[in-house]
Each structure stands twice: as structure tokens, then as C-alpha cells.
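# Summary of structural features
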Amino acid sequence: MKSEKVRTKKLRSLSSSIWLNFTLFAVIIVILIGIVSAIIVSTSTDNRSKNMLRDVGNEVVDTLVEFTEEFYGDTEGLMSTVGVYLGGVEATEFVRIYIFNGETGALEYPGRGNYSDFSDYIDAETAEEMLNKARSEYEDRGSDSYVVYSGEDDRLTYVYMLSNGTESRYFVMQASMRATNTIANYVIVYIVIMCVLAIVAALIISYFLSEHLSGPIKDITQSATELGKGNYDVRFTAAEYTEVAQLSDTLNRVTGEIKKSDDFQRQLLANVSHDLKTPLTMIKAYASMIKEISGDDPEKRNKHLDVIIDETDRLTGMINDVLQVSKAGSDTKLNRKVFNITEFLFSIIDKFGYLQDTDGYKIMVDVDPDLYTLADEEKIGQVIYNLISNAVNYTGADKTVYVSLKENMEEKRIFFAVRDTGKGIEPEDMEHIWDRYYRKQENHVRSVKGTGLGLNIVKIILQNHKFLFGVDSEPGVGSTFWVEFPSVPETYEAEEGEEDAE
């Protein structure tokens, strides 16, 4: 036979998973913020510098136009005044200004003696090329002034053509971007440093956060380990989170049920061991008596055999009780059908006839005729039989049990009740009488047989039917167990999957 390989999924720590995911999320967010911030800083720096240079250039050009109009024909006076003005602009705006003659290409400002180291780079021809290039790039903007960026020497160049109709001049103003770019680079470096610090902080915060979130789960795991070792007194501590608190509450309820089940099993073993010991001893003893004493005496032999039969029946009843409660708990499927519960009740009461004939018990009956209900007939038979048997076991010295079956026409309900005249049930015992293996240890008129499973079987069956049931009791007076059945016509046909009203 070919063996199958069992593939197990690699498990991961909840704490490490939370830490890893939170850290990864924080790193991605920080990196994105850093990249966007760097782009914004770089772009906004360039745009702001270009706008500032354009504003200064436009203002200077407007002033030069006014000077040209004022000193028209007086070139020497014009350049003298312009030189003073432009020198002030260069000093305050940290720019360099050139003016070239558009016809001859001569450098009119700052003069050939000034900034001679730039004259080879900035001349009329260069200014015209820059102006034409700028016009081709910005032809859709309808402007006469342009700002061009040169990445080779980190300079912004403002170009404008001055013309009065007879002569033209190229006005060029340059601003260095090195200082601005240096500042922008510093800002970007600071952004990178802040991103790194943010990532480190995210690592630390995510670690403590993961420990805080996984802490309650670890506590639950430790408690569950103790529970697995059989410590039913362990408690699952509720946490501050709703989901974990709900899980803790659920596990506490499960622990309670497991503890109760374990106690039930221990009690069952104790009860069954005690109850089995007596009949087995009796069977063995009377079998030996038949073998050694009464084997040849028909009267004694039959008497001893009756004892053996009675004890065997007692053992059979115990086993049936255990099987019935197991079946009732596992088999929740109901075979509902309409049946005459009046006739069905009388057929069950007839089974107790031997008690009336031999032990003087009386079963007083108050039953409406021809009542029909919709239920699982076999399981309801167990309910009725167990309730009457319970009343017989616990009734008073008058050995009387009262059974009633009455119909409420308005509510379409059938009310079934069994009343005994025994000592009743103490208030502190009321909540336990439906539990498995529970049986009040008192002396009764009739020896109480069974393992204390009868009422638990009743509870399981009626809960599966969703029927109302309960008990009314007064200490010293007696107890009344009751059940409400639905009342239906004899010709009623139940639909598949129909649920009974509670």
C-alpha cells in the first residue's frame, strides 16, 4: 500500500507576523512619503526660482523701456542711468545682467571691461540662440520673455528682446541655482534622515504593538495547555479586545461544560458501579442458592428465580437509560407525524398496571378524548414514560400519581402534566433536576431505580422538538412536571422541514 505524505503548512508566530506586516506597511508608507516630498521640494524649488527670476526680469524690462523712452537719442545718458539702476538690481537680487546690441552684437552692459570672463559665453549670438530656443519651446504661451535652465552650470537665464522699432537689444539676466540646489539637497537629505528615523521608530513601535496584540492570545494558549492537562479550574482571562474577550468567554463556557461532563462521568461511574454491585451480588447469591438449596424445591426455586429476573430487569433498565441519553443527545433528527396522543397516553399508563396490582399504586387520570398532536411518537413516548416513572418513584405515602391531558382550544395547545404527592423539590435543587446523573439522595416510598438519566432524556427530546416544558414544586406538597404539545386536526399534514412553534 502506497503511503501518503502528509503535508503540513508551515506555521508562523502571530507576534512576528504582526510585527513584520506592520513594519512593512510603515516602511512602504514612509518611503512613498519621502519620495513624494523630495519630488515636491525639487520641483517647487525650480518653479519658484523660475517665477522669481521672471518677475524680477519683467520688472527690470519695464523700467528699461521707460528709460529708453526718457533718454531717446541720448545713448550715453541712457546707458549711464541704466548702469546705475542695473547695478543696484544685481546687488540686491544676486543676479548678473547683460545687454547686447541686436545689430552689432556688442556688449553694451556691463561693458567689455566688466565680467570679461563671461563675454566668451554670453554674447549676442548666444543670447539670440537662447531666445529662439525658448520661443520654440514656449510658442504656445504668447510671451516675449523666457526663462531657460542650463543644467551644465546650474544657471537660470532670463532672455528678452528690447526693440523700439529702429534698434533692438538683447536683455539677458542670469541667476545661479547652486545655492538654491544646495539648500534643496540639504532638505532632501533631512527628509531621508527623517524617513530612516521613522522606519526605526516603526520597527520599535510595531514590536511592542505586536507583543501587546498577541499577549492575550499567548495567555489563552497557556490556559488551553493547562486545560489539556486536565486542569478544569483554569480560567481564560478576557482581554480589552472584543474578539479576544468573546473567545475567552466561549472557552470558559466550554471549560465549564467539559468539567461538568467530567463530573457527570465520575458520578455515573460511581452511581453505576454502586447500582451494578447490588444486583450482580443478588444474582450470584440467588443462583448459588438455587444450585445448593432450592434446586429441588419448585416453590423456593421459582421465588429465587423471580429475584434473579427482577435484578436482571434492573440491570437492563440501567443500560437502557445510558443508551437512551446517548441516543437522545446524538440523534436530533425527528420523525414527526400526527398521532392520537390520548390513546397513546393510555397505552403508556397501562405499562404501570403491575404497580397498581402488586404495590397498591394509583394513577388518577384526567384526559380529554381524541386529542391529536404533531411530534416524534417514539421519542414523546420516552418523555411520557419517564415523567410518570419519575412521579411513581417520588410520590408520597398515598402512592398516588395524577396524570392530566387537557386542550386549550384558543391557543391550540395540549397541556400534559404529571403530579406526585411527595416531598417536593427544594429551590436550590430546581436548576439541577434536568442534569444528567442527578438524583436526590433521600428515602422514597418506592426504591428509586435507574441512574438519574430519565429527566435529562426528557429535556433533550423536548428541546429538540422546541416544546415548552417545566416543573412546579412546593416542598412538602409535591411536584408537577408539565409539557405543552401543539394541537392539530386529525387530518393535518405536516410539511417537510416544518418547525413547531415554541
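All of these numbers come straight from a predicted model, not from anything done at the bench.

It is worth spelling out the sheet that holds strand β11 (residues 469-474) at this point. Pairing is mixed across the open sheet formed by five strands, whose spatial order is β7-β9-β10-β12-β11. Only two strands of the sheet have a single partner each, and these edge strands are β7 (362-367) and β11. Neighbour-to-neighbour, the strand axes of this sheet turn through a mean angle of 15 degrees, independent of strand direction. Lying on the sheet, helix α8 (residues 341-349) is in contact with β7, β9 (400-408), β10 (413-420) and β12 (478-486); it crosses β7 at an angle near 175 degrees.

Okay, the packing of α8 against helix α10 (residues 377-394) next. Contact geometry for α8 and α10: axes closest at 10 Å, N-to-C directions at 50 degrees. In terms of axis orientation, α8 runs oblique to α10. The crossing of α8 and α10 is right-handed. Contacts between α8 and α10 involve F344, L345, I348 and I349 from the first element and E377, I380, G381, I384, Y385 and I388 from the second.

This brings us to the pattern of salt bridges. Evaluation of the coordinates by the stated rule reveals five salt bridges. A salt bridge links D376 to K379; the shortest N-O distance between them is 3.7 Å. Of the residues examined, K379 reaches a relative accessible area of 10% and is grouped as buried. Overlapping salt bridges, with partners in common, bring together D366, D368 and K406 in one network.

This paragraph deals with unusual backbone geometry. At D370, a position not held by glycine, the phi torsion is positive, near 50 degrees. Relative to the helices and strands, D370 resides in the loop between β7 and β8 (372-376). Positive phi, close to 65 degrees, is recorded for K466, a residue that is not glycine. With respect to the helices and strands, K466 occurs in the loop between α11 (454-465) and β11. By relative accessible area, K466 is classed as partly exposed at 34%.

In total, this model carries 10 aromatic pairs according to the counting rule given. Between the aromatic rings of F339 and F344, the centroid separation amounts to 5.5 Å while the plane-to-plane angle is 75 degrees, which identifies the pairing as edge-to-face. On the basis of relative accessibility, which here comes to 15%, the residue F344 falls in the buried class. On the basis of an interplanar angle of 85 degrees and a centroid distance of 5.7 Å, the ring pair of F467 and F485 is categorised as edge-to-face. You can see F467 sitting in the loop between α11 and β11 and its partner F485 sitting in strand β12, a full 18 residues away along the chain. When sorted by exposure, F467 lands in the same class as F485, which is buried. Taken together, the ring pairs connect F416, F467 and F485 into an aromatic cluster. The positively charged end of K399 is found above the aromatic ring belonging to Y361, 5.4 Å away from the centroid. The ring of Y402 has R419 sitting right over it, with the charged end atom 4.0 Å from the ring centre.

Overall, the prediction assigns the protein a mean pLDDT of 76, with 76% of residues at 70 or greater. In this model, residues 1-7 is a region of pLDDT below 50 whose contacts with residues beyond four sequence positions or in other chains number zero contacts. pLDDT under 50 marks residues 112-120. Its contacts with residues more than four places away, or in other chains, come to nine contacts.

Within β12, nine of the nine residues are buried, which leaves the element mostly enclosed by the surrounding structure. Covered by surrounding structure in β12 are G478, T480, W482, E484 and P486 together with S479, F481, V483 and F485, the residues of both alternating faces. Direction of pairing for β10 relative to β12: antiparallel, over a ladder of seven bridges. Of the residues in β12, the one forming a bridge with I414 is F485. Relative to β12, β11 runs antiparallel, the two sharing six bridges. Looking at the pairing, V471 lines up with F481 of β12. Hairpin geometry of β11 and β12 is characterised by an intervening segment of three residues between the two adjacent antiparallel strands and by a positive phi of about 85 degrees at G476.

A surface patch of nonpolar side chains, about 810 Å² in accessible area, is lined by W19, L20, V192, V196, V200, L203, I204, Y207 and F208. Contributions of two or more residues to the nonpolar patch are made by α1 (14-70) and α5 (178-228). Here the nonpolar patch gets seven residues from one element, more than from any other, and that element is α5. Secondary-structure assignment places L203 in helix α5.

Each value, and the rule that gives it
- Residues numbered from 1 in each chain as written.
- Predicted model: local features only at pLDDT ≥ 70, side-chain atom pairs only at ≥ 80, totals over all residues.
- Heavy atoms only, no water.
- Pairing = 2+ DSSP bridges.
- Helix = DSSP H or I, 4+ residues; strand = E, 2+ residues; numbered from the N terminus.
- Axes fitted to C-alpha atoms, helices over the stretch in contact; angles between N-to-C directions.
- Contact = heavy atoms within 4.5 Å.
- Parallel < 35°, antiparallel > 145°, perpendicular 65-115°, else oblique.
- Left-handed = near helix turned anticlockwise from the far one by under 90°.
- Salt bridge = Lys/Arg side-chain N within 4 Å of Asp/Glu carboxyl O.
- Buried < 20%, exposed > 50% of the residue type's maximum accessible area, 1.4 Å probe, protein only.
- Phe/Tyr/Trp six-rings, centres within 6.5 Å; stacked < 30°, edge-to-face > 60°.
- Lys NZ or Arg CZ within 6 Å of the ring centre and 35° of its normal.
- pLDDT = per-residue confidence, 0-100.
- Patch = residues over 30% accessible without salt bridge, like charges linked within 9 Å, V, L, I, M, F, W, Y side chains within 5 Å.
- Areas by Shrake-Rupley, 256 points an atom, 1.4 Å probe, with all protein chains shown as cover.

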